[in-house]
Amino acid sequence: MEGKVIGPGPYRATKLWNETIKLFRGGMPLRRHWANFRYYDCSFTGSEAVDYLHELLRRNYNFGPEVTRYQTLQLLRKFLKAHVIEDIKGRHGTEDFEDNSHLYRFPTLSPLKSFPARPLLRGSCDLPRLIRWDDYEELPQQENIAPLKSAVMTSDLWNKRHSVAIGDVHECKLIRRKEITPKQVDHIWKSMTIAHLQRVLGLQSLDGVLNPKHVNGKHIVHNVFIVNKTGIVVLENKAEDMPYWVVSAMKCLANWPNGNETKQPLYPGFERDVLRTVADYFQRLKEPLLTFHLYEVFVNILSLLQEEELATEALKASCLLLPPANRRRLQLLLRLMARVCQNPHLPPLNDTIATRTLMVQMFSHCVLGSGDEMDLDDLLATKLVTFMMEHHNTIFQVPSKLRCQVEEHLSHLKRVQIKYAGSDTDFSSSPAFCKQISRVESEEQKVIGTQTPLQELLEGLIADKELPAKDKRKRLKQFQRSYPEVYNSRFPTEESKAAVIPEKTPRLKPNLMFFNLKKPFQPFQRSWSFRA
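Rules of the game
In this numbering scheme, every chain counts its residues from 1 along its sequence in written order. Only residues with pLDDT of at least 70 are given local features in this predicted model, and only at 80 or more are side-chain atom pairs given and counted; all residues enter the totals for whole chains, interfaces and linings. Working from all heavy atoms in the structure, the side-chain values ignore hydrogens and water. The criterion for strand pairing is that DSSP finds at least two bridges linking the strands in question. Helical segments are the DSSP runs of H or I of at least four residues, strand segments are the runs of E of at least two, and each set is numbered from the N terminus. We call a residue buried when its accessible area falls under 20% of the maximum for its residue type, exposed when it is over 50%, and partly exposed in between, using a 1.4 Å probe and counting protein chains only. Cavity and pocket criteria rest on a 1 Å grid covering protein atoms alone: a 1.4 Å probe that fits but cannot get out defines a cavity, protein on both sides within 12 Å along at least 5 of 7 lines defines an open pocket, and an atom within 4 Å of a point defines a lining residue. Grid points are joined across faces, edges and corners, and a volume is the space filled by probe spheres set on the points. Three classes are used: nonpolar for Ala, Val, Leu, Ile, Met, Phe, Trp, Tyr, Cys and Pro, charged for Asp, Glu, Lys and Arg, and polar for all others, with Gly counted as polar. Per the annotation, domain bounds derive from an automatic or database assignment of domains. One speaks of a salt bridge when a side-chain nitrogen belonging to Lys or Arg is within 4 Å of a carboxyl oxygen belonging to Asp or Glu. To get an axis, a line is fitted to the C-alpha atoms, and for a helix only the part in contact is used. The angle between two axes follows their N-to-C directions and goes from 0 to 180 degrees. Working definition: roughly parallel below 35 degrees, roughly antiparallel above 145 degrees, roughly perpendicular at 65 to 115 degrees, and oblique for all remaining angles. Two residues qualify as a contact provided that any one of their heavy atoms is within 4.5 Å of a heavy atom in the partner residue. In plain words, nonpolar cores are sets of buried Ala, Val, Leu, Ile, Met, Phe, Trp, Tyr and Cys residues tied together by side-chain atoms within 4.5 Å. Helix crossings fall into two classes, left-handed where the near helix is turned counterclockwise from the far one by less than a right angle and right-handed where it is turned clockwise.

Explain the pairing of strand S2 (residues 38–45) to me, please; I cannot follow it from the model alone.
As paired strands, strand S1 (residues 31–35) and S2 are joined by four bridges and run antiparallel to one another. Directly across from Trp 34, in S2, lies its bridge partner Tyr 39. Taken together, S1 and the strand that follows it, S2, pair antiparallel across an intervening segment of two residues, in which Asn 36 is found at a positive phi of about 55°. As judged from the two bridges shared by S2 and strand S4 (residues 103–105), these two strands associate in the antiparallel manner. Following the sheet pairing, Thr 45 is matched in S4 by Leu 103.

The structure is reproduced here in structure tokens:
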């Protein structure tokens, strides 16, 4: 195919616009034309321009063979308004390009788009900072709520919550973690989803592609978890949903001929009127379903369409960034388009255009569009929507790898902190450097560093009045097996042990004399004996 392949990268839509202008200006045949008894050199007719540009776009990898003549005409009208071309009298902007013998020419210089000036974000990448376990304290807290302090667990709470025997954890303390707030969960999903998208696109930075400020983590969490059995997003605010009459019209077409819930009488052309009703609703939306903010993201995905698996993964991540209402509309629309194209019982919806082409042309601009009027969004939307319609069952699934990464990260944050004995720093701070020491020094530090907290733990067990005597003796035995030195230093003699550890209470054991069943029943006697 002709033309340079524009791969993923910042401002890809602008690069495609400029590349198309260069190809058109550099290859369009120019010759002498006569009009009104005058001749004009280096000119071309409107029909010649449509013929040449249409073939150029169809053979270009960035657009493909599905570009229609009407789309080419629309692009030439944009070129005339942008002064890429002008008529032979030098007029542009207000004139409308015509597909006939009207004469046009190139100006001395066809203006190219300049790249938007946007300062780079700080750091080597523009990803939101991911919440780490050791900087968890730095996250913003909810207003009017005092931050919780780290607390050392008592032995009782330790065993009850974590079922960890005293002898299984050596030379450390367990520190209770804070609860992760929904706002922090949203932030984690946002950060990891954007990072996943960047890796799939193969970009070192998303600068010029996606501004993280335009991504709402709450939307991502909603799109992942608040769905029905078929994976369609469920809206909490029903006022954001499509009107009932639109949903009914879509069901009617999707399930034709069994989808007429209102039982309205059918007449010739009924299905075309229903389609027109649906199209009017989507074409009147103020913003495309993929939003203006995400336009560059989806334009970059276009460069991956030849690698189906990679493009599908990129669309999975990108569609998570949509507002839930937009994602729901897009899901239902693409499903409708696919069912209509595959339904052999549905009458033709147009006399001259095939159903599949009609559906793409009718709804593509409702799905993808640019906020800049001078763009190639019409051509790009056709290619993207065709791919999305063919893969609508998979592109709305949550990327399994991303879900696993987020769940693992959240699980890591919720784990119990292990704080090693002798450490005076809080778990939120990390050492600035490590210094190598000898084995003798290490052993000395180990003894000094572990004695104090273990002694405190033992004293806590002894002083715990709420702990039943039986459980207390059991845990003290566990402690004695695990840390005999600490235990013996606290209880050097049996007398010191007896002074603080409750002794077992003597228990009476009945000694029953069983009667002979063959003899008449006689009351039996009891004798009691003490068991040491």
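Is there a simple way to explain the sheet that holds strand S3 (residues 86–87) in this structure?
Strand pairing in a sheet takes place through backbone hydrogen bonds and is either antiparallel or parallel in direction. Taken together, four strands build an open sheet; the order of strands is S1-S2-S4-S3 and the sheet is antiparallel. Lying at the two open borders of the sheet, with one neighbouring strand each, are S1 and S3.

Which parts of the structure should I look at to understand unusual backbone geometry?
Trans is the common state for peptide bonds, and a negative phi is the common state for residues other than glycine. Cis geometry is found at the peptide bond from Trp 256 to Pro 257, where omega equals 5°. Note that Pro 257 resides in the loop between helix H7 (244–254) and helix H8 (270–283). Even without being glycine, Asn 36 reaches a positive phi, approximately 55°. Relative to the helices and strands, Asn 36 resides in the loop between S1 and S2. By relative accessible area, which is 69% here, Asn 36 ends up exposed. Positive phi, close to 50°, is recorded for Cys 42, a residue that is not glycine. Secondary-structure assignment places Cys 42 in strand S2. Judged by its relative accessible area of 51%, Cys 42 falls in the exposed class.

Teacher, can you tell me more about the layout of surface pockets here?
In this approach, a probe sized like a water molecule rolls over the atoms, and the result shows the empty space that is left. By volume, the largest pocket amounts to about 640 Å³. Lining the largest pocket are 27 residues, and of these Gln 74, Gln 361, His 365, Cys 366 and Asp 378 sit closest to its centre. Only helix H3 (69–81), H8, helix H12 (355–367) and helix H13 (377–390) provide two or more residues apiece to the lining of the largest pocket. Looking at the lining of the largest pocket residue by residue, the classes come out as eight nonpolar, nine polar and 10 charged. Counting only domains with at least three residues in the lining of the largest pocket, you end up with domain 1 (12–105) and domain 2 (188–404).

I'm lost on the pattern of salt bridges in this one. Help?
Between side chains of opposite charge, pairing is possible as soon as their charged atoms come close. Counted according to the given criterion, the structure contains 16 salt bridges. Note that Arg 105 and Glu 86 form a salt bridge whose closest N and O atoms lie 2.9 Å from each other. One end of the pair, Arg 105, is in strand S4; the other, Glu 86, is in strand S3, and 19 residues separate them in sequence. On the basis of relative accessible area, Glu 86 is assigned to the buried category, the value being 9%. Here Glu 390 and Arg 356 are joined by a salt bridge, their closest N and O atoms 2.5 Å apart. Of this pair, Glu 390 sits in helix H13 while Arg 356 sits in helix H12, and the two are 34 residues apart along the sequence. Residue Arg 356 is classed as partly exposed on the basis of its relative accessible area, which comes to 33%. A network of salt bridges, in which partner residues are shared, links Asp 51, Arg 69 and Asp 99.

Sorry if this is basic, but what is going on with the packing of H3 against H13 here?
When two helices pack together, their arrangement is captured by the angle between the axes and the distance separating the axes. Contact geometry of H3 with H13 gives a least axis separation of 9 Å together with a crossing angle of 150°. As far as their axial angle goes, H13 and H3 are roughly antiparallel. Each of Gln 71, Gln 74, Leu 75 and Lys 78 in H3 lies in contact with H13, whose residues at this interface are Asp 377, Asp 378, Leu 379 and Thr 382. Each residue belonging to the contact of H3 with H13 can be placed in one class, and the counts come to two nonpolar, three polar and three charged.

Would you mind showing me how to read the nonpolar core here?
Most often, soluble globular proteins have nonpolar side chains that are buried together. Within the largest apolar cluster, 111 residues are counted, with the highest numbers of intra-cluster contacts made by Phe 24, Phe 79, Ile 85 and Phe 282. Taken domain by domain, this core gets at least three of its residues from each of domain 1 (12–105) and domain 2 (188–404). Every residue in contact with Ile 85, bar those within four places of it in the chain, is listed here: Phe 24, Phe 44, Leu 76, Phe 79, Leu 80, His 92, Phe 97, Arg 105, Phe 106 and Pro 107. Membership of the second largest hydrophobic core comes to 13 residues, among which are Leu 457, Leu 467, Val 486 and Tyr 487.

Would you mind showing me how to read the packing of helix H5 (residues 182–201) against helix H10 (residues 308–319) here?
The interhelical angle for the contact between H5 and H10, taken along N-to-C directions, is 160°, at an axis separation of 9 Å. For the element pair H5 / H10, the angle class is roughly antiparallel. Crossing angle aside, the handedness with which H5 passes H10 is left-handed. Note on element contacts: H10 touches H5 through Leu 310, Glu 313, Ala 314, Ala 317 and Ser 318, opposite Thr 193, His 196, Leu 197, Val 200 and Leu 201. Class assignment for the residues of the contact of H5 with H10 results in six nonpolar, three polar and one charged.

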